[in-house]
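Summary of structural features
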Amino acid sequence: MIHIEEQKLRNEAKARVAFKAHARNYFVVNITLWLGWFILRARHGQYDGFWPVYSTLGWGFGLVMHYLGVYHNSEKAINKELEKLKKEKELH
């Protein structure tokens, strides 16, 4: 039993580390894209569209989904909901 719990914690830790790496990559790449856009186009008055916004919003949506999957779809949330259902069943 202890081994199974330890494996669950290890898997959760891996998922959190993967999310943090994903977030770090998101910020580094998008900051680079915005700086590149600014240096190459906007600084010279050529506002031909804010094209970096597409990667920022699209990838940002994926990052939010990854966050929700790692931090809000956990075993704790499932157990909490299960306990809630059990209590409701006992009241009826």
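Residues numbered from 1 in each chain as written. Predicted model: local features only at pLDDT ≥ 70, side-chain atom pairs only at ≥ 80, totals over all residues. Heavy atoms only, no water.

A short note on the overall build of the protein chain
Counting its regular elements, the protein chain contains three helices and zero strands. Computed over its C-alpha atoms, the radius of gyration of the protein chain comes to 21 Å, more than 25% above the 12 Å expected for a compact globule of 92 residues. C-alpha atoms of the protein chain, sized along the principal axes, occupy 70 × 35 × 10 Å. For the protein chain, contacts bridging at least 24 residues in sequence account for 61% of all contacts bridging at least 6. Of note, the protein chain has its 14 positive side-chain charges centred 8 Å away from the centre of its 9 negative side-chain charges. (Helix = DSSP H or I, 4+ residues; strand = E, 2+ residues; numbered from the N terminus. Rg over C-alpha atoms; globule rule 2.2 N^0.38 Å. Contact = heavy atoms within 4.5 Å. Lys, Arg positive; Asp, Glu negative; His and termini not counted. Charge placed at Lys NZ, Arg CZ, Asp CG, Glu CD.)

Concerning the confidence of the model for the protein chain
Taken residue by residue, the protein chain gives an average pLDDT of 87. The fraction at 70 or more is 96%. The secondary structure element of the protein chain with the lowest average pLDDT is helix α3 (residues 75-91), at 78, and the one with the highest is helix α2 (residues 52-71), at 95. (pLDDT = per-residue confidence, 0-100.)

Regarding the packing of aromatic side chains
A ring pair, where both rings are aromatic, is described by two values, the distance of the centres and the angle of the planes. By the definition in use, this model includes seven aromatic pairs. Relative to Trp-37, the ring of Trp-34 lies with its centre 5.7 Å away and its plane at 80°, an arrangement referred to as edge-to-face. In this pair, Trp-34 and Trp-37 both sit in helix α1 (residues 2-40), three residues apart, roughly one turn of the helix. For Trp-34, a relative accessible area of 31% gives the class partly exposed. According to the relative accessible area criterion, Trp-37 is buried, its value standing at 5%. Through a chain of ring-to-ring contacts, the aromatic side chains of Phe-19, Tyr-67 and Tyr-71 assemble into a single cluster. (Phe/Tyr/Trp six-rings, centres within 6.5 Å; stacked < 30°, edge-to-face > 60°. Buried < 20%, exposed > 50% of the residue type's maximum accessible area, 1.4 Å probe, protein only.)

With respect to a nonpolar patch on the surface
A surface patch of nonpolar side chains, about 610 Å² in accessible area, is lined by Phe-27, Ile-31, Leu-35, Phe-38, Ile-39 and Leu-40. Within the element layout of this structure, Leu-40 appears in helix α1. (Patch = residues over 30% accessible without salt bridge, like charges linked within 9 Å, V, L, I, M, F, W, Y side chains within 5 Å. Areas by Shrake-Rupley, 256 points an atom, 1.4 Å probe, with all protein chains shown as cover. Salt bridge = Lys/Arg side-chain N within 4 Å of Asp/Glu carboxyl O.)

Quick look at the environment of Leu-35
Looking at where Leu-35 falls in the secondary structure, it is placed in helix α1. Leu-35 sits 17 residues away from Pro-52 along the chain, and the two C-alpha atoms are 9.5 Å apart.

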